[in-house]
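# A closer look at the structure
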Amino acid sequence: MTQTLPFADPSSEYGPRTTVAAGRRRRLMVLVAVVIVALAATVFAVRRLLDDTTRDYLSTNGWPTIGQGAYQVGGQTPRASAGERPVPIASVAKVMTAVVVLEHRPLAADADGPRIVVTYADVADTERRRKQDQSIVAVAPGERLTEHDALMALMLPSANNVAAMLARSVSGSIAAFVTEMNRTADHLGMDHTTYTDPSGYDEHTVSTARDQLVLARVAAKNDTLAEIMQTRKYRLPVAGVVHNTDTLLGSGGFVGMKTGSDDAAGGCFMFRAYRSVNGVNTPVIGVVLGQHGHRLVTAGLYAAKQLVDRVAPDPAHP
């Protein structure tokens, strides 16, 4: 008896529909894989575009492509980029604030100095600055900040509200303190510098990299200020632990000094690093102003790093 085979059911387990479906699944999986690879490549490209640590900041002549810079290697002649003009310097201005404070009230080693009592007016001023998205630290009425506390708040997290408190504590008013800032700048020969506030938030506080290099050398010689500027973190009575905005500390020989950034100033950094020059551990002090990037603080930091790497390359600090 001849057995008749049934006609293949296209919907059966072994029929052609299964083959077609399997092919579709394979094509879909390939398409998904292609999309995933494309998305990963896009994410990588965007991250690299936004990564200011990999950006090239220097031109072929060694100076910042945009903005300005100045530096001094050890006892060599100071150098500055050509065509400088006074520009906003943001929180780099706080270095002069700290210098004037310490001129009035020098701190002995391990001393805390006089205390500043936070008032309700200080708290109101802090809230006003917070609403303007200024850099501040939290304070409370009756809080007692030592001078050392206040300088740490000024220099590490770059607190504009504490800059104002220090100014009033030292000179009686912000206006009187600013007058002293400008008097000190004149005395140092910073002829292209004008301070209009103790924090640098006012875009009319302007200077040049060459002038700020003069101030950087003064700050580096002040042991108290140098110690504060190379501190990575510090605990304040109310604000708690605050961190230094200088993320280069401890790498590449960097030991300070002060970052600054806002839309008017761009990324700025007054820096000090130690590099081996002819076998001698040598300080490199300088300033970069007006750097651009996705994150302005990082732009200032890495423009400075590239400048130091150029003028004092050190295999020990790649």
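Below you will find a few notes about this structure. (Residues numbered from 1 in each chain as written. Predicted model: local features only at pLDDT ≥ 70, side-chain atom pairs only at ≥ 80, totals over all residues. Heavy atoms only, no water.)

### What to know about the overall build of the protein
Within the protein, the regular secondary structure consists of nine helices and 11 strands. Within the span of the protein, comprising 318 residues, buried residues form 48% of the whole. Counting contacts in the protein only where the partners sit at least 6 residues apart, residues at least 24 apart contribute 63% of the total. (Helix = DSSP H or I, 4+ residues; strand = E, 2+ residues; numbered from the N terminus. Buried < 20%, exposed > 50% of the residue type's maximum accessible area, 1.4 Å probe, protein only. Contact = heavy atoms within 4.5 Å.)

### Some thoughts on a nonpolar patch on the surface
Where nonpolar side chains cluster on the molecular surface, the patch consists of L28, L31 and V32 and spans about 280 Å² of accessible area. Positionally, L28 belongs in helix 1 (residues 16-50). (Patch = residues over 30% accessible without salt bridge, like charges linked within 9 Å, V, L, I, M, F, W, Y side chains within 5 Å. Areas by Shrake-Rupley, 256 points an atom, 1.4 Å probe, with all protein chains shown as cover. Salt bridge = Lys/Arg side-chain N within 4 Å of Asp/Glu carboxyl O.)

### Describing the packing of helix 3 (residues 120-131) against helix 5 (residues 160-171)
Packing of helix 3 against helix 5 brings their axes to within 9 Å, and their N-to-C directions diverge by 145°. The chirality of how helix 3 crosses helix 5 is right-handed. Contact residues: D122, D125, T126 and R129 in helix 3; N160, N161, A164, M165 and R168 in helix 5. Grouping the amino acids of the contact of helix 3 with helix 5 by side-chain chemistry returns two nonpolar, three polar and four charged. (Axes fitted to C-alpha atoms, helices over the stretch in contact; angles between N-to-C directions. Left-handed = near helix turned anticlockwise from the far one by under 90°. Nonpolar A, V, L, I, M, F, W, Y, C, P; charged D, E, K, R; others polar.)

### Focus: the nonpolar core
The tendency in soluble globular proteins is for nonpolar side chains to be buried as a group. In terms of nonpolar packing, the biggest core is built from 61 residues, with L151, M155 and Y195 touching the most fellow members. The contacts of L151, once residues within four sequence positions are left out, are A98, V101, L102, L107, L166 and I228. Of all hydrophobic cores here, the second largest spans 19 residues; its members include L58, F254, A299 and V308. (Core = buried A, V, L, I, M, F, W, Y, C linked by side-chain atoms within 4.5 Å.)

### Regarding the packing of aromatic side chains
Evaluated as defined, the whole model comprises four aromatic pairs. Here F254 and F271 contribute two aromatic rings whose centre-to-centre distance is 6.4 Å and whose plane-to-plane angle is 65°, an arrangement assigned as edge-to-face. Highlighted residues: F254 in strand 9 (residues 254-262) and F271 in strand 10 (residues 266-277), separated in sequence by 17 residues. For F271, a relative accessible area of 0% corresponds to the buried category. (Phe/Tyr/Trp six-rings, centres within 6.5 Å; stacked < 30°, edge-to-face > 60°.)

### Description of the side chain of E180
You can see E180 is positioned in helix 6 (residues 174-187). No salt bridge is formed by the buried E180; its nearest oppositely charged neighbour, R183, is found at 4.5 Å. (Lys, Arg positive; Asp, Glu negative; His and termini not counted.)

### Some details on helix 7 (residues 209-221)
Counted at 1.5 Å a residue, the expected span for helix 7 with its 13 residues is 18 Å, and the 19 Å between its end C-alpha atoms agrees. When we look at burial in helix 7, the residues that qualify are A209, D211, Q212, L213, V214, L215, A216, A219 and A220. (Expected span 1.5 Å × (residues − 1).)

### A few points about the pattern of salt bridges
What the rule picks out here adds up to eight salt bridges. Here D125 and R128 are joined by a salt bridge, their closest N and O atoms 2.7 Å apart. Taken together, the positions of D125 and R128, both in helix 3 and three residues apart, correspond to about one turn of that helix. Taking the shortest distance from any N to any O, the salt bridge between R129 and D125 comes out at 2.8 Å. A residue pair is termed a helical-turn pair when its members lie 3 or 4 positions apart in one helix, as R129 and D125 do in helix 3 at four residues. By the burial criterion, R129 is buried, and D125 matches it. Through salt bridges with shared partners, a single ionic network connects D125, R128 and R129.

### Some points on the pairing of strand 11 (residues 280-291)
Of all 12 residues that make up strand 11, nine are buried, and the element is covered over most of its length. Direction of pairing for strand 1 (residues 68-73) relative to strand 11: antiparallel, over a ladder of six bridges. Each residue of the ladder has a partner; that of A70, found in strand 11, is V287. Across 10 bridges, the pairing between strand 10 and strand 11 is antiparallel. Within the sheet, the bridge partner assigned to V277 lies in strand 11 and is V280. The antiparallel hairpin formed by strand 10 and strand 11 contains two residues in its connecting segment, where N278 sits at a positive phi of about 55°. (Pairing = 2+ DSSP bridges.)

### A word on a positive patch on the surface
Side chains of R24, R25, R26 and R27 sit close together on the surface and give a patch of like positive charge. Relative to the helices and strands, R25 is located in helix 1. (Charge placed at Lys NZ, Arg CZ, Asp CG, Glu CD.)

### Digging into the pairing of strand 1
Both faces of the sheet carry side chains from a regular strand, because those side chains alternate between them. The buried count for strand 1 comes to six of six residues, which makes it a mostly enclosed element. Bridge count for strand 1 against strand 2 (residues 79-80) is two bridges, and the pairing is antiparallel. Paired with Y71 across the strands is R79, a residue of strand 2. Between strand 1 and strand 2, which pair antiparallel one after the other, the connecting turn spans five residues, and G74 there sits at a positive phi close to 55°.

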